[in-house]
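So the chains spell out like this:
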Amino acid sequence: MKPSSLQSTLPNIPWEDRSAGNANVVWRYSHNPIIPRDLIPSSNSIFNSAVVPFNGTFAGVFRCDDKQRNMNVHRGFSQDGINWKLDDNPIEWIYDNSDCAYSQYKYDPRVCWIEDRYYIMWCNGFHGPTIGIGYTFDFEQFHFLENALLPFNRNGVPFPRKINDKYVMFSRPSDNGHTPFGDIYLSMSPDMVHWGEHRYVMGTKGGWQSTKVGAGPVPIETPEGWLLFYHGVLTSCNGFVYSFGAALLDLDKPWKVIYRGASYLLSPQTYYECVGDVPNVAFPCATLYDQPTGRIAIYYGGADTVTGLAFCKVDEVMEFLKHNSEV
Ligand code: BMA
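Bear in mind the structure is a predicted one, so any value in this text is a computation, not a measurement.

Attention now moves to the site of the ligand. Near the ligand you find Asn48, Arg63, Tyr107, Asp108, Tyr242, Val278, Val281, Phe283 and Asp304, and these make up its full shell. Here an oxygen atom of the ligand and a side-chain polar atom of Asp108 are 2.6 Å apart. Contact distances for the ligand include 2.6 Å between an oxygen atom and a side-chain N or O atom of Asp304. Alone, the ligand offers 310 Å² of accessible surface; in the complex the protein occludes 86% of this. Residues belonging to the shell around the ligand are distributed by class as follows: five nonpolar, one polar and three charged.

In structure tokens, the structure reads:
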């Protein structure tokens, strides 16, 4: 039998029904933002963060920029996925190999249970941005592994299981600045350390995704393919606009795109998405998925300042993709 991450049962997922009159496939939580910029004393902003189910409750790794504007990742816990307690100090890492103990900054984490532990990927400052990897068994001790790739790269996102016996991750090669280009690639590894067999997944298209695209949350396995939410960037005369949409990728060869939504699913339109340290940003980094009900909760950063929640149903996203696809 093939290994599967299909059985994701999470009845206590945070949830709010779509309000009457709202026809959107993805809708926002009415009490957004769920995490204000100043939830902890040290923070300037808390956004682009990752959560996972943890012992019947929830845990997460949160991007907190501090008041010196250092970018780092902090641990958090929640009973309901909505009200969070975050450590005021960044995660302290155990370096299994001290030669790789170098990180000028950390941002945009993703977290994923694979086989026997939670893996964490983030954008790591290693003489330029690249993909850092770590793991934890218990959210108490965090181990720092080798950087996956050379700079410059961002948006490293793991798949929740091995495919054809290899770990798989998305990434988005970039430059040392606010990269004005970017396509989604994936790489494979036998051990989470050595990455190769690089494949091109998808690039920019028109409109909301015309400047760059990057993988968002860990992809969700469905019987028809991997459901990937990803961000797309448009360059307006006022700067970048970050929206997000979805695509469906082949289960065995996930660099093959089956469907790709022509329209975005959510674009920055509310106050907390349009106003903040970086205006006009909706940047998803995590989902929680309850397979029996098809409910998906999406965690996303608003305006590089706060964290919000949005909701959708897997069947409705699949219908949207089938009827609005431009690969
Ligand atoms: C990207 C990353 C994200 C950020 C976005 C918008 O390059 O730095 O962390 O949300 O820009 O500023």
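Having seen the structure, we can now continue with the description.
Spatially, β1-β22-β21-β20 is the arrangement adopted by the four strands of the open sheet, whose pairing is antiparallel. On the outer flanks of this sheet lie β1 (27-28) and β20 (282-290), each paired with one strand and no other. Bridge count between strand β21 (residues 295-302) and strand β22 (residues 306-313): eight bridges; the pairing is antiparallel. Along β22, the bridge assignment pairs Ile296 with Cys312. Its contacts with the sheet put helix α2 (residues 314-323) on β1, β20, β21 and β22, and the angle it makes with β22 is roughly 80°.

This part takes up the pattern of salt bridges. All chains considered together, the criterion is met by 13 salt bridges. Of the charged contacts, one joins Asp65 and Arg63 as a salt bridge, the two residues approaching to 3.0 Å between their closest N and O atoms. In this pair, the class of Asp65 matches that of Arg63, namely buried. When the shortest N-O distance is used, the salt bridge between Lys166 and Glu197 registers 2.8 Å. With Lys166 in the loop between β11 (153-158) and β12 (167-173) and Glu197 in strand β14 (residues 196-202), this pair connects stretches of sequence that are 31 residues apart. Judged by its relative accessible area of 39%, Glu197 is partly exposed. One connected set of salt bridges, linked through shared partners, spans Arg37, Arg69 and Asp277.

Procedures and definitions
- Residues numbered from 1 in each chain as written.
- Predicted model: local features only at pLDDT ≥ 70, side-chain atom pairs only at ≥ 80, totals over all residues.
- Heavy atoms only, no water.
- Near = heavy atom within 4 Å.
- Polar contact = N/O pair within 3.5 Å; in protein donor to acceptor, adjacent residues only side chain to side chain.
- Areas by Shrake-Rupley, 256 points an atom, 1.4 Å probe, with all protein chains shown as cover.
- Nonpolar A, V, L, I, M, F, W, Y, C, P; charged D, E, K, R; others polar.
- Pairing = 2+ DSSP bridges.
- Helix = DSSP H or I, 4+ residues; strand = E, 2+ residues; numbered from the N terminus.
- Contact = heavy atoms within 4.5 Å.
- Axes fitted to C-alpha atoms, helices over the stretch in contact; angles between N-to-C directions.
- Salt bridge = Lys/Arg side-chain N within 4 Å of Asp/Glu carboxyl O.
- Buried < 20%, exposed > 50% of the residue type's maximum accessible area, 1.4 Å probe, protein only.

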